[in-house]
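# Fold and contact review
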Amino acid sequence: MGYDLHFGWTGAIGKVVLGATRADGGTRKISYPIGGETTLPLLFKDPLSPTPLVALEICDNPEYWSPIIRNFCGDLVDTVDEWAKTAETVYGADLVRLYLTSTRQRNFSDIASVGKTLEAVLSATALPLIIEGSNEPGIDSEVFLKCGETAQGEKLLLGTAESGRYRSIAAAALAYNHSLIAQSPIDVNLAKQLNILLREIGVQRDHIMIDPYTGTLGYGFEYSYSAMERIRFSALKGDTDLAMPIICSAIDSLTIKEVREAEPALQDEMAVRWEFYTGIAAAAAGAEIICVRHPKTVGVLKNAFASMKSGAGFSEGK
Amino acid sequence: MIRGNTSMTDVEIAKKNGESYLKMMITAIQHSVSYDETAYHLPISFALTGIAVHNQKAALDVFARTSSNPLVAAECILAEKTAAEGREPSPYTGFIDDTVIRKLGYSLVDGSILGLALVVGTPKSAGSVSAICRELQEKYMLTFLAGDVVTSLSGAGVKLGLEYRLIPLGPAPAYGIHFVDIIARVAMMFGGVTPGDTHRLLTYATERAKAIVIVFSGLTDQEIAIVDGMRVLGFPILSLGDYSGGAWIPSLPEEVVRRGMEQKGIRVNVTAIPIPMGCSPAFEGKSIRKEEMYVEFGGGRSPAFELLHMRPVDEVKDGQVTVIGPEIDAVKEGGAFPLAIIVNVAGKMMKKDYEPVLERRIHNFVNYGEGSWHVAQRDIIWVRISKDVVAKGVKLEHIGKLLASKFRMDFPQLLDAVSVTLITDEAKVRAAKKVAELVYEERDARIKGMRDSDVTTYYSCTLCQTFAPNHVCVITPEHPALCGAISWLDGKIAYEISPSGANQPIEKGVVINTLNGEFEGVNKFVKKASHGEIDRCSLYSVMEYPMTCCGCFECIALILPEVNGIMVVNREFKGITPSGMTFSTLAGTIGGGAQTPGFAGISKNYILSDRFLQSEGGIGRLVWMPSPLKEELKTRLVKILTDQNRADLYEKIADETSATTIEVLISFLDRVKHPALTMKSLV
Amino acid sequence: MALKALDIYKLLPKKNCKECGDPTCLTFAMKLAGGKADVDLCPYLDDQAKSVLGATTRPPIRLIKIGVGERSFAVGEEFVLYRHDKTFNHPPGILFKVSDTQEPEEITAVTIRVRDESFTRVGTDLRFNGIAIENASGSADAFARAVTTVEESADLPLVLISKNTEALNAALVQVGSYQPLIHAATKENFRELCALAKKHSCPLVIKAHDLDDLTGLAKDCVTEGVKKLVMDISPQSPGDFITTSTALRQLAITRQSPDLGYPVFLDATHPHLKDAAIALGIVKYASVIITPPLSPASAKAALTLRQNIYTDPQKPIQMNPGLYRVGTPGKDAPVLLTVNFSLTFFTLEGYLESTRIPCFMLIVDTEGLSVLTAVAAGKLNETLVRDSIRKFDVEHEVSHKTLIIPGYSAPLSGRIEEATGWKVMVGPRDAAEIGEFLHEEWKKHES
């Protein structure tokens, strides 16, 4: 092609490593280097551009999860470690993201169970893990300590730090060498501020992923899309406080009206398409980990990402 | 070697003796020196030099490299003892392994522990040391004990152990060396300190590790040398024993914890407000009608004022509330009382400049109270307390407590101590009011007189970048933000309170063009903040490189080339202007972060600034503005024009009653002989 | 770099003659600077000035209309690489593809779908834009018959896809006057296709394998007299599409390659990457997307993505103010006040629906501002609330007079009470907590 795309970038996205293999002191079967890009997302010719990863979100108490998942997966959702294993072996996810929804119960205090759950999941699947801590700030300190300690050496991604609530997760990241997700309410400047606060407390840049908060398609998605583009742009222009890889998780996708009120026979398909369109558009804006909840979405997204970089795709002479 | 001596011990002398003794002892090491269950060898030595010490040779090597550091010596000696004799028996912990340290470090980072304290020596009475330890616990400090303090406490029935945050290291003060090896490990585990990076270690220990040492009597010379050796790490040594000299801080038991924490800037955050009334932003808009009120203050019925001022730290007792004069229960229901609200604040980072900004919060905080209501500011306040909450037992002192707590909660970094005085005695209120009025005047004079040339630092604001990604306002004393909401002082304070926030300092740098207000430093800043979009920015010009606009400007100033002048239109004006465009059309074109020569988004008050239209020749360029805006600014604008000997200009500025098209405006300006027509050509 | 308004003004006659339709030359200059006016409107500019101004003020991606009158849609008129820099202006047309080898019933079914199917989101009707007819058979007769079949069922914008000039001719005999988009001219056949396009004033897709070829081809077509062009960049994969489309957009908006400044065409047909191609086409600058008919789920998702990406970032989508029902609220159902910013509405509505408590949402006109902004700007105030209660006859719908207001509007609570005579309960700041609030505070209030 007789053209050159000149943007004059001076910066690059920082690199974060998730998952530690035996060689690195962990027990994961693979370790993902995320980030490192030097230009816009998914540019076919850029050899450094990594393929976005797909994470399947699961939880340890499905009472707090969309019924669509139970309908599709059956009783699997009642055994979190089986569910994690299936995510790897059947659904083909690149990562598993575990939400500790059990901590949402009123007056939850069984921190030991959190450790047990995590241990079970670590044994059941050899994929790198993302662990989403509690909903309740009051028990953050104990929950993150338990998670961090139990998975010491595995290079987890811990979620989620926010501007008023980041100390415990940062402590766990620092103490046990994990990375963390820094979330801000669809505002680039607030994302930057949070990263600065984390840096001041000691968290290194290469241990942070940015979550600009993703509204699902039709429910604020375009705001998130533009926030991601702006973060990528600033990073490439040299702003090191925004030069972290981005994670996208449109958690409302299965609870919106369009999916909830779809005819039962079409409901799975609606859920998958909604998650797919949201996810692939987010990847085009720069998201490097796309989180989904419907198992079928995993394969659809992975096929799309795989084909995007290969020469194959559209046939000639159309 | 001398214990329990009751005469004053000279620290310097004892230290020297002690250091010699330690030197001798380290040379006498024969066996291996090591600790189990740590990846950091002998942590202090390792952190200071990067050398893993396990035998005498290495020990001596490190000792030499660190210029015979007593802490190194103490560590090696105790390590040999531990290796040879095994761990100390319970309740002593001796050396604590890495796994536990990791947990401790976690708590330090996540804020469940605010700092670390080491308490050593032989207390005179179990009572005073128990009180000190209880205070440390209440203030979320993690306390390590070494020496007779341990037996003293356990003898008095105080529970010791990790879960009580009172950790007994060993039976002698020398075991206090573990305090240092813990901090060294935390530095290496959490602080990114590479073993051997002495400088980084010392910086971490001084600035990040909030550690204090409290010393009772009964230390041997070498123990004194060890404790004194901790000063280099930035730990204040607070002495409760008979020590003199050195840099140790003599203290009294009742104040030693407070002083130590103050020294290291450790502040306990306030989380609860202990009053019998709800307090939340949800109550902010709730008004209290006449029928609902128990008592009111000010509002024309009685004298009332509020004042927040900064005092030296030793004059403000945190949380203290004083009511001078009768309390609420002395008032008849429905009555009015005089009131003075005086908030005293102290803090290392607090500045006098911030007083008015903080004072404005009194209004919000009082309104957060479920049964309290507040209007206005300064000496025209009007406050009411409702019958409902008085029935629940709320008194004025609780309002004071509310204020003291909220100020501490909302400004944890800025304010170390807040106390509140409420006066209801009429004579005293009137007297205090006179003093307050002087303060208000002084503040007004200060801000009014501030000129751009008085300061070298301006402030930016990027709050609007959510909507206009490349826009940045440059705020100077004479040029407020275009939204009208942020002054230079507001920007300065916002920066000092939130250094990584939306307001950042801009060093002016060299002046490039005085008339236009173009500065090298400003240009550089704007270029970066606009992601390279804007190269140059003139602060006082509409025609050349004006500031970019987001979308929330109060007014737009723009060129009318046909009449060689500048017109202004404000957001509220919905009609057509002589430019042929409405405010809305103009806003749509120049907003979004664009820099449009000939067009500038400004605040209303900027129209009254000396800098307005400076580059274009001054206020004589102003040819048109909507009549309501003209009316709003009339008094102040006429004064400015009169001071410039051109009071007649006011009538020459057209408005929508005299012209709405350019053609009519031309003939109007001609008729009144507006100065802009004969000024230098703008285009 | 684009010229600024004042620089443009300097080149204008400055007569304020108003013949361009604007009251002053300054106004005209501002419009030109924003690409919102045509330099040809000024009768007093010489050709030299027009050419200079035109080149720098015309939209870098030209505005092209596909079709005529009611059966048309416009694409192009784009200025930016990132929507956040300003906005994307014209959403891509998405058309369903039929082939002349399909049975007439199939073709009719697809046509009817495009004609009738729509769904409403935020007050806008979302639908597909037309039919693309492919000459897979190679036969002119079959192609003409397929066109007839489509025309029998609907009046839609069309894309005619054929490698056979004769077939295109046959089709255009029927539908040429509706100015369908013709696919496609190549280096080999551009002269013939340009002649066809010119004859019927049709927009023309030009197709080449790389941007250099495309540039040359565009120039050639313009010389042949065809200015309404659309670019088929012949991507080999979705990844290839992203790269090439981005390059084209960047080269056009920096005015480095003005000849590339035309809307982009994308055929998303692919055994299993259709959705991926459509999604990427929407976000990466495709203006005409053709695809085999989509499943209902894909259709909804695709149209929603298109609506989202092509929303002006500076103009929040607004709901119509009014009293909305969640479930079937009765006389004692709670009434929740909020603003007409669509995102606020949907977020709150979603949470309310999941509480299963029937209630009313009183949506007031804050011109699309969010709660926080509307309170700060004074747009959400007690007068508006009072007037809205009257206008939407709320007192007729419920037997109580208690209004729940958003947490961030707490400062207004007292004034709203005074102005309306209603009692105010301050709800949570975060809509996610509304469920808990209703279950606890509202229930308490009821008893």
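See above for the structure.
The structure reproduced in this document is the subject of the present report. Given the structure is predicted, the values throughout are model-derived calculations rather than measurements.

Cut-off values and rules
- Residues numbered from 1 in each chain as written.
- Chains lettered and ligands numbered in written order.
- Predicted model: local features only at pLDDT ≥ 70, side-chain atom pairs only at ≥ 80, totals over all residues.
- Heavy atoms only, no water.
- Helix = DSSP H or I, 4+ residues; strand = E, 2+ residues; numbered from the N terminus.
- Buried < 20%, exposed > 50% of the residue type's maximum accessible area, 1.4 Å probe, protein only.
- Contact = heavy atoms within 4.5 Å.
- Areas by Shrake-Rupley, 256 points an atom, 1.4 Å probe, with all protein chains shown as cover.
- Lys, Arg positive; Asp, Glu negative; His and termini not counted.
- Charge placed at Lys NZ, Arg CZ, Asp CG, Glu CD.
- Buried area = accessible area lost by both parts, 1.4 Å probe.
- Salt bridge = Lys/Arg side-chain N within 4 Å of Asp/Glu carboxyl O.
- Polar contact = N/O pair within 3.5 Å; in protein donor to acceptor, adjacent residues only side chain to side chain.
- Axes fitted to C-alpha atoms, helices over the stretch in contact; angles between N-to-C directions.
- Parallel < 35°, antiparallel > 145°, perpendicular 65-115°, else oblique.
- Nonpolar A, V, L, I, M, F, W, Y, C, P; charged D, E, K, R; others polar.
- Pairing = 2+ DSSP bridges.
- Expected span 1.5 Å × (residues − 1).
- Arc of directions from axis to C-beta.
- Core = buried A, V, L, I, M, F, W, Y, C linked by side-chain atoms within 4.5 Å.

### Some words on the overall build of chain B
Per the secondary structure count, chain B includes 22 helices and 25 strands. Looking at chain B residue by residue over its 683 residues, the buried ones come to 55%. Considering only contacts in chain B between residues 6 or more positions apart, those separated by 24 or more positions represent 74%. Summing over all exposed atoms, chain B offers an accessible surface of approximately 27800 Å²; the carbon and sulfur share of this is 54%. For chain B, the distance from the average site of its 72 positive side-chain charges to the average site of its 78 negative ones is 2 Å.

### With respect to the interface of chain A and chain B
Across the boundary between the two partners, chain A contributes 26 residues, which contact 18 residues of chain B. Taken together, the two surfaces of chain A and chain B that pack against each other cover about 1900 Å², and 49% of this comes from carbon and sulfur. Counting across the interface, chain A meets chain B through 1 salt bridge. The tally of links from chain A across to chain B stands at 14 residue pairs in polar contact (both at pLDDT 80 or more).

### Description of the interface of chain A and chain C
In this complex, chain A contributes 50 residues to the contact, which on the side of chain C involves 58 residues. Interface of chain A and chain C: buried area, both sides summed, is about 4900 Å²; carbon and sulfur atoms make up 63% of it. For the interface between chain A and chain C, the tally reads 7 salt bridges. With a shortest N-O distance of 3.8 Å, R106 of chain A and E440 of chain C are connected by a salt bridge. Along the contact surface separating chain A from chain C lie 9 residue pairs in polar contact (both at pLDDT 80 or more). Residue assignment for the side of chain A that touches chain C shows that the elements contributing at least two residues are helix 7 (221–236), helix 8 (257–260), helix 9 (264–285) and helix 10 (295–309) of chain A. In terms of residues, the side of chain A that touches chain C owes the most to one element, helix 9 of chain A, which gives 9 residues.

### As for the packing of helix 4 (residues 70–85) of chain B against helix 8 (residues 177–190) of chain B
Residues and elements named next belong to chain B. Interhelical geometry of helix 4 versus helix 8 gives an angle of 105° and a closest axis separation of 10 Å. The angle between helix 4 and helix 8 places the two elements in the roughly perpendicular class. Across the interface between the two elements, L71, A74, E75 and L78 from helix 4 touch I177, H178, V180 and D181 from helix 8. A breakdown of the residues in the contact of helix 4 with helix 8 according to their chemical character gives 5 nonpolar, 1 polar and 2 charged.

### Regarding the sheet that holds strand 9 (residues 293–298) of chain B
Residues and elements named next belong to chain B. Pairing is mixed in the open sheet, where 4 strands are placed in the order 12-9-15-14. Each edge of the open sheet is held by one strand with a lone partner, namely strand 12 (335–337) and strand 14 (372–375). Mean inter-strand twist for the sheet, computed between neighbouring axes without regard to direction, equals 20°. One ladder, built from 3 bridges, connects strand 9 with strand 12; its direction is parallel.

### What to know about the pattern of salt bridges
Here the structure, examined in full by the defined rule, presents 86 salt bridges over all chains. Between R121 of chain C and E258 of chain A there is a salt bridge, with the nearest N and O atoms lying 3.1 Å from each other. Highlighted residues: R121 of chain C in strand 4 (residues 119–121) and E258 of chain A in helix 8, drawn from two different chains. Taken individually, R121 of chain C and E258 of chain A each receive the classification buried, so the pair is uniform in this respect. K639 of chain B is the partner of D643 of chain B in a salt bridge, and the nearest nitrogen-oxygen pair spans 3.3 Å. Here D643 of chain B and its partner K639 of chain B are both found in helix 20 (residues 627–643), 4 residues apart, which amounts to about one turn of the helix. Note on accessibility: D643 of chain B and K639 of chain B belong to one class, exposed.

### Here we look at the environment of L43 of chain A
Residues and elements named next belong to chain A. Here L43 lies in the loop between strand 2 (32–35) and strand 3 (53–59). L43 sits in the buried class, given a relative accessible area of 7%. Measuring from C-alpha to C-alpha, the distance between L43 and I30 comes to 25 Å, with 13 residues separating the pair along the chain.

### Considering the environment of G601 of chain B
All names here are of chain B. Here G601 shows up in strand 24 (residues 599–602). As a C-alpha pair, G601 and N570 span 31 residues in sequence and 9.7 Å in three-dimensional space. If we skip the residues at most four places from it in the chain, G601 touches L482, C549, F553 and C555.

### Structural notes on helix 3 (residues 111–124) of chain A
All names here are of chain A. Helix length check: helix 3, at 14 residues, gives a terminal C-alpha distance of 20 Å against a target of 20 Å (1.5 Å per residue), a fit within 8%. Residues I111, V114, G115, T117, L118, V121 and L122 constitute the buried set of helix 3. Relative to the axis of helix 3, the buried residues are bounded by an arc of 165° and lie together on one face. Among the exposed residues of helix 3, those pointing more than 90 degrees away from its buried face are K116 and S123. Along its buried surface, helix 3 packs onto helix 2 (80–89), strand 4 (95–99), strand 5 (129–132) and helix 4 (140–150).

### As for the nonpolar core
In summary, soluble globular proteins display a tendency toward joint burial of nonpolar side chains. Ranked by size, the top nonpolar core spans 300 residues in total, and within it I289 of chain A, F144 of chain B together with L204 of chain C carry the most contacts. Not counting chain neighbours up to four residues away, the residues in contact with L204 of chain C comprise L181, I182, A185, L193, C194, A197, C221, V226, K228, L229 and V230 of chain C. In this structure, Y540, C550, I559 and I653 of chain B belong to the second largest nonpolar core, which totals 134 residues.

### Examining the pairing of strand 17 (residues 457–461) of chain B
All names here are of chain B. In terms of burial, strand 17 is a largely internal element, 5 of the 5 residues being buried. Of the two faces of strand 17, the one holding T457, Y459 and C461 and the one holding Y458 and S460 are both buried throughout. The pairing of strand 17 with strand 19 (residues 505–507) spans 3 bridges and is antiparallel. Among the inter-strand pairings, Y459 is bridged to a residue of strand 19, identified as P505. Sheet topology places strand 17 next to strand 18 (residues 473–475); 3 bridges connect them, and they run antiparallel.

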